Amino acid sequence: MLAMLALAGCDNEMSNSVPAPPPPPVIAARAPMADKAGTEEIVVTGARRGEAEQGRYLAITQSYSLSLPASAVEAVQNRHLETCAKLGCLVLDSSLDHSYANRITARTSLRIPPQQVAALVADLTAAPVRVTAHSTATEDMTTTVLDTDKRLESKIALRDRLTALMHGPTHMAVTDLVAAERELANAQGEIESLTAQRDYLRRQTEMVRVDIDYSGEAAVAGNTDLTPISNAFKGFGRTMVHAAATLIATIAGLLPWLPLILLAGWVLRHPLRRLLRRQD
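Residues numbered from 1 in each chain as written. Predicted model: local features only at pLDDT ≥ 70, side-chain atom pairs only at ≥ 80, totals over all residues. Heavy atoms only, no water.

Asker: Go over the overall build of the chain, please, and point to the residues and values.
Answerer: Within the chain one finds 8 helices and 9 strands. Pairs at least 24 apart in sequence give 75% of the contacts found in the chain among residues at least 6 apart. When the accessible surface of the chain is split by element, carbon and sulfur atoms take 60% of a total near 17,300 Å². (Helix = DSSP H or I, 4+ residues; strand = E, 2+ residues; numbered from the N terminus. Contact = heavy atoms within 4.5 Å. Areas by Shrake-Rupley, 256 points an atom, 1.4 Å probe, with all protein chains shown as cover.)

Quick look at the structure:
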């Protein structure tokens, strides 16, 4: 038990004194890209290549709002996803929404290596796309990354000391051995959790996140929206099927009442005839 207390004390001491390992540089590409539709120059921001800031971990997020014809939204989004796969990026989310009247919207979120951002932006701004908005956000995650690295190193050192103690030449009592195994299991669980957290933080800082919003424009002639006409032609067959289904449903609803309708007509035929003769 004295040995366990000594190890715990060493663990706390290491948590406060172990120096953090030197972090790798954070590099993001910077490349000017002109919008093909005539918008202002788009700049892929981040740390310039060859001028990385040592000791800083930056999470960079770029956002693009794209406007294009509604009929081209799905094809353009698929083209961007294919480009993304070729450039080695990671797709976080992708969706396509037809629920808006006369409009189609879509969204894609991905992470991409900074050296491939310029190539992706070149495809994002290609025709028939018009970039309506672009922004870049940078979050400094240096403190979080270094703290995670320090805690992970401390837990690894504790695990190694516990393993050496359990397999050392010194004989341990059963209760001490059980306590050491429990501490070893706890340390291993924390190591796995911290490793996953560290890997997630590294992905955030070593890759650039790109959020893309697609807005499909309705087809217009002058100031008139022609989408309803286009939709009507496209849905002609569907409209005929719905009309036939409505007629069949109406007939099916009247069939149970047909005998009563015929009986009422037979009973009321003589009074109706007399009423018509009086009017004549």
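Asker: Pulling in residues and values, what's your account of the pairing of strand 5 (residues 105-112)?
Answerer: Burial runs high along strand 5: 7 of the 8 residues are buried. Where strand 4 (residues 90-97) lies against strand 5, 7 bridges are found, and the strand directions are antiparallel. Directly across from Asp97, in strand 5, lies its bridge partner Thr105. The pairing of strand 5 with strand 7 (residues 208-217) spans 8 bridges and is antiparallel. Residue pairing for strand 7: Ala106 is matched across the bridge by Tyr214. (Buried < 20%, exposed > 50% of the residue type's maximum accessible area, 1.4 Å probe, protein only. Pairing = 2+ DSSP bridges.)

Asker: Any details on the nonpolar core? Residues and values, ideally.
Answerer: If you look at the biggest cluster of nonpolar residues, it comprises 25 residues, and the most contacted ones within it are Leu110, Ile112, Val210 and Tyr214. Going through the elements one at a time, strand 3 (58-69), helix 2 (73-86), strand 5, helix 3 (117-124) and strand 7 are the ones with two or more residues in this core. (Core = buried A, V, L, I, M, F, W, Y, C linked by side-chain atoms within 4.5 Å.)

Asker: Explain the pairing of strand 7 to me, using residue names and the numbers behind them.
Answerer: With 9 bridges connecting them, strand 3 and strand 7 associate as parallel partners. Directly across from Ser67, in strand 7, lies its bridge partner Ser215.

Asker: Just give me the short version of the confidence of the model for the chain, but keep the residues and values in it.
Answerer: Residues with a pLDDT of 70 or more make up 72% of the chain, whose mean pLDDT is 76. Taken together, the stretch residues 12-52 has pLDDT below 50 and engages in 91 contacts with residues farther than four places along the chain or on a different chain. (pLDDT = per-residue confidence, 0-100.)

Asker: I'd love a proper account of the environment of Glu183, names of residues and values included.
Answerer: As for its position among the elements, Glu183 is in helix 5 (residues 174-206). With relative accessibility at 35%, the residue Glu183 sits in the partly exposed group. In sequence terms Glu183 and Arg159 are 24 residues apart; their C-alpha atoms lie 8.4 Å from each other.

Asker: Quick one: what's the story with the state of the cysteines, residue by residue and with numbers?
Answerer: Counted under the stated rule, the structure contains 1 disulfide. The partner cysteine of Cys84 in its disulfide is Cys89, sulfur to sulfur 1.3 Å. As the torsion about the S-S bond is roughly 135 degrees, the Cys84-Cys89 disulfide counts as right-handed. Cys89 gets classed as buried once you look at its relative accessible area, which sits at 15%. (Disulfide = S-S within 2.5 Å.)

Asker: Quick rundown of the sheet that holds strand 7? Include the residues and the values.
Answerer: Reading across the sheet, the 5 strands line up as 4-5-7-3-6 and stay open at both edges, with mixed pairing between neighbours. Looking at the sheet topology across the chains shown, the edges are occupied by strand 4 and strand 6 (130-140). Averaged over all pairs of adjacent strands, the angle between their axes in this sheet comes to 10 degrees, without regard to strand direction. The pairing of strand 3 with strand 6 spans 10 bridges and is antiparallel. Of the residues in strand 6, the one forming a bridge with Ser63 is Ser135. (Axes fitted to C-alpha atoms, helices over the stretch in contact; angles between N-to-C directions.)

Asker: Describe in detail the pattern of salt bridges, supporting the description with residues and values.
Answerer: In the structure shown here, the tally under the stated rule is 10 salt bridges. Asp213 is the partner of Arg107 in a salt bridge, and the nearest nitrogen-oxygen pair spans 2.7 Å. Within this pair, whereas Arg107 is found in strand 5, its partner Asp213 is found in strand 7, the two being separated by 106 residues in sequence. Judged by relative accessible area, which is 30%, Asp213 ranks as partly exposed. Sharing partners across several salt bridges, the network here consists of Arg107, Arg209, Asp211 and Asp213. (Salt bridge = Lys/Arg side-chain N within 4 Å of Asp/Glu carboxyl O.)

Asker: Any chance you could break down unusual backbone geometry for me, citing the residues and the numbers?
Answerer: Peptide bonds are, in most cases, trans, and in most cases residues other than glycine have a negative phi. Between Ala127 and Pro128 the backbone carries a cis peptide bond, its omega angle lying at 5 degrees. Along the polypeptide, Pro128 turns up in the loop between helix 3 and strand 6.

Asker: So, the environment of Met207: which residues are in play, and what are the values?
Answerer: Relative to the elements of secondary structure, Met207 occurs in the loop between helix 5 and strand 7. On the basis of relative accessibility, which here comes to 17%, the residue Met207 falls in the buried class. Taking the C-alpha atoms as reference points, Met207 and Leu90, 117 residues apart in sequence, are found 9.4 Å from one another. If near-sequence neighbours (up to four positions away) are discounted, Met207 is found in contact with Ile60, Gly88, Arg111, Ile112, Pro113, Pro114 and Arg202.

Asker: Describe in detail the packing of helix 4 (residues 142-166) against helix 5, supporting the description with residues and values.
Answerer: It is at 9 Å that the axes of helix 4 and helix 5 come closest, and there the two elements cross at 155 degrees. On the basis of the axis angle, helix 4 is roughly antiparallel to helix 5. Read as a crossing pair, helix 4 and helix 5 show a hand that is left-handed. For the contact of helix 4 with helix 5, the residue count by class is 13 nonpolar, 6 polar and 9 charged. (Parallel < 35°, antiparallel > 145°, perpendicular 65-115°, else oblique. Left-handed = near helix turned anticlockwise from the far one by under 90°. Nonpolar A, V, L, I, M, F, W, Y, C, P; charged D, E, K, R; others polar.)

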